[in-house]
Amino acid sequence: MIATLIAGYAQADTIGDAVKSGTAYGDFRLRYESVDQDNAVDDATALTLRTKLGYTTAAVSGFSATLELEDNRIVAGEGDYTVGPAGYKPGEYSVIADPETTELDQAFVQYKGDMFTAKLGRQVLTYDGHRFVGHVGWRQDKQTFDGLSFSISPSKDLTVNYAYITQRNRIFAEAADEEVKDHLLNVSYTTPVGKLVAYSYRLKNDYGNDATMDTSGVSFTGAAGDDLKVLYSAEIATQSAEPNNTEFDADYHKLEGGVSASGITAKLGYEVLGSDDGNYGFLTPLATLHKFNGWADTFIFTPAGGLVDTYISVAGGLAGGKWMVVYHDFSADDDSSGVDNYGDEINAVYSKKFGKYYNAGIKYASYSADEFGVDTDKLWVWVGMSF
């Protein structure tokens, strides 16, 4: 009995030490965004401050815990914008998807061993550059997931990731959170010439019409060379979706090549989010969508005719910072509706870190509509601090 009490006390003391020996972290981002669109609503402007504060305990027998809070506030009354899902000024202005909110961003218990890591609770999940699963960190309220995830690495080259999700915590505060039963499986293997990834993402809404979406695919990404590096990637996927008791099928494929030398990287890409005979376009609802298909966000939701994105990007360094310029040409995968050429877009960004804690940047997107959407210009300017 005495031994049991002593052991319990020792364990409690160990947990207390883990809490006291943990790590606090934070991130602050003040951002101005403007949206000018050729439509009936007013142009939008927003000045918002995103505050993120978190704490991770030290590990006890491989176990640790993380708690993270996130807050977004309009600054100086500069809030002339619309966030439809959050009910903020609906129909008045162009959309800027940054509602005011204070919420629990992450709260999970983690176990980490030599080859195995597991997390239970609210957490960030990202796979393969965010194309199918991401945290949408560009927005002021990022996307997280409630559920169980684990990662197994039986060797340095092989990693198996799996997650079971019970809730998607969207970027619109709590207004658009979704109760779901999602299964995410992602397996990667690193070879001498590149990384091979196979994945299967089975999504199901646990409300309303119980919509389902099953996506499976494979990708290969690599690079060769030293002073002149050649970059290459290819990906194919298939999707079966039943959004309203009607089944659709669509394909996805992407080819990208590039070169990197003397601090300059240039890429040429061809990405197709296919269509099911003009009735349904291939979707990636859990992705960090802003990262792909133009920063003007015209194609957040793939048109029924699908999307063909032919793009070229050039990136490099300047004055201690990083810059990138991207050109997109958009067209339909299926033009049976009579719509073929969607439009084109120019993107440009420059960002820089100052010392250990500070950063700033400016970013611009200009979409010129042809047969889809409206002309759109967006500008972002931000400063940040993290610790």
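Predicted model, so just to flag it, every value in this text is computed and none were measured.

Sorry, what's going on with the overall build of the chain here?
In terms of helices and strands, the chain carries one helix and 18 strands. Compactness check: the chain gives a C-alpha radius of gyration of 23 Å against a globular reference of 21 Å for 387 residues, within 12% of the reference. With the principal axes as the frame, the chain shows a C-alpha extent of 80 × 55 × 50 Å. The proportion of buried residues among the 387 residues of the chain is 43%. A total of about 18900 Å² of accessible surface is found on the chain, and carbon and sulfur atoms cover 59% of it. Once the 30 positive and 55 negative side-chain charges of the chain are each reduced to a mean point, those two points are 11 Å apart.

Can you help me understand the nonpolar core in this one?
In a soluble, globular protein the nonpolar side chains are often hidden away together inside. Core analysis: the largest hydrophobic core is formed by 36 residues, its most contacted members being L125, F132, V133 and L184. Elements with a minimum of two residues in this core: strand 7 (158-169), strand 8 (178-191), strand 9 (194-204), strand 11 (229-242), strand 12 (248-261), strand 17 (358-369) and strand 18 (376-386). When residues of this core are assigned to their parent elements, the largest contribution, four residues, is made by strand 9. Each of two domains, domain 1 (1-208) and domain 2 (213-386), supplies a minimum of three residues to this core.

Got a minute to help me understand a nonpolar patch on the surface in this structure?
A cluster of nonpolar side chains, L53, F354, Y357, Y358 and F387, forms an exposed patch at the surface whose accessible area comes to about 510 Å². Checked against the element boundaries, F387 lands in the segment after strand 18.

What should I look at first to understand the pattern of salt bridges in this one?
Two side chains of opposite charge can pair, provided their charged atoms sit close to one another. Counted under the stated rule, the structure contains 21 salt bridges. One salt bridge in this structure joins K89 and D80, with 3.6 Å as the shortest N-O distance. Judged by its relative accessible area of 26%, K89 falls in the partly exposed class. Looking at D80, the relative accessible area reads 31%, which means it is partly exposed. Counted as one network, the salt bridges with shared partners bring together D27, R50, E68, E70, D105 and K142.

Can you walk me through the side chain of N205 in this structure?
Checked against the element boundaries, N205 lands in the loop between strand 9 and strand 10 (212-224). Using a relative accessible area of 13% as the deciding quantity, one classes N205 as buried. Only 3.4 Å separates the side chain of N205 from the side chain of R168, close enough to count as a polar contact. Ignoring any residue separated from it by four or fewer positions in sequence, one finds N205 in contact with R168, E178, E179, V180, D210 and A211.

Looking at this structure, how should I read the pairing of strand 7?
Every regular strand shows the same layout, with side chains that alternate between the two sheet faces. Of the pairings in the sheet, the one linking strand 6 (residues 144-152) to strand 7 comprises nine bridges and is antiparallel in character. Looking across to strand 7, one finds that G147 is bridged to I165. In this antiparallel pair of consecutive strands, strand 6 and strand 7, the connection spans five residues. Pairing analysis gives ten bridges linking strand 7 to strand 8, with the strands arranged antiparallel. Note on strand 8: the bridge partner recorded for N161 is N186.

I tried to follow the side chain of N169 on my own but got confused; where do I start?
Secondary-structure assignment places N169 in strand 7. Residue classification places N169 among the buried residues on the basis of a relative accessible area of 4%. Side chain to side chain, N169 and R122 meet in a polar contact 3.5 Å long. Ignoring sequence-local partners within four residues, the contact set of N169 consists of R122, K142, Q143, T144, F145, D146 and D177.

About the cut-offs
- Residues numbered from 1 in each chain as written.
- Predicted model: local features only at pLDDT ≥ 70, side-chain atom pairs only at ≥ 80, totals over all residues.
- Heavy atoms only, no water.
- Helix = DSSP H or I, 4+ residues; strand = E, 2+ residues; numbered from the N terminus.
- Rg over C-alpha atoms; globule rule 2.2 N^0.38 Å.
- Buried < 20%, exposed > 50% of the residue type's maximum accessible area, 1.4 Å probe, protein only.
- Areas by Shrake-Rupley, 256 points an atom, 1.4 Å probe, with all protein chains shown as cover.
- Lys, Arg positive; Asp, Glu negative; His and termini not counted.
- Charge placed at Lys NZ, Arg CZ, Asp CG, Glu CD.
- Core = buried A, V, L, I, M, F, W, Y, C linked by side-chain atoms within 4.5 Å.
- Domains from an automatic or database assignment.
- Patch = residues over 30% accessible without salt bridge, like charges linked within 9 Å, V, L, I, M, F, W, Y side chains within 5 Å.
- Salt bridge = Lys/Arg side-chain N within 4 Å of Asp/Glu carboxyl O.
- Polar contact = N/O pair within 3.5 Å; in protein donor to acceptor, adjacent residues only side chain to side chain.
- Contact = heavy atoms within 4.5 Å.
- Pairing = 2+ DSSP bridges.

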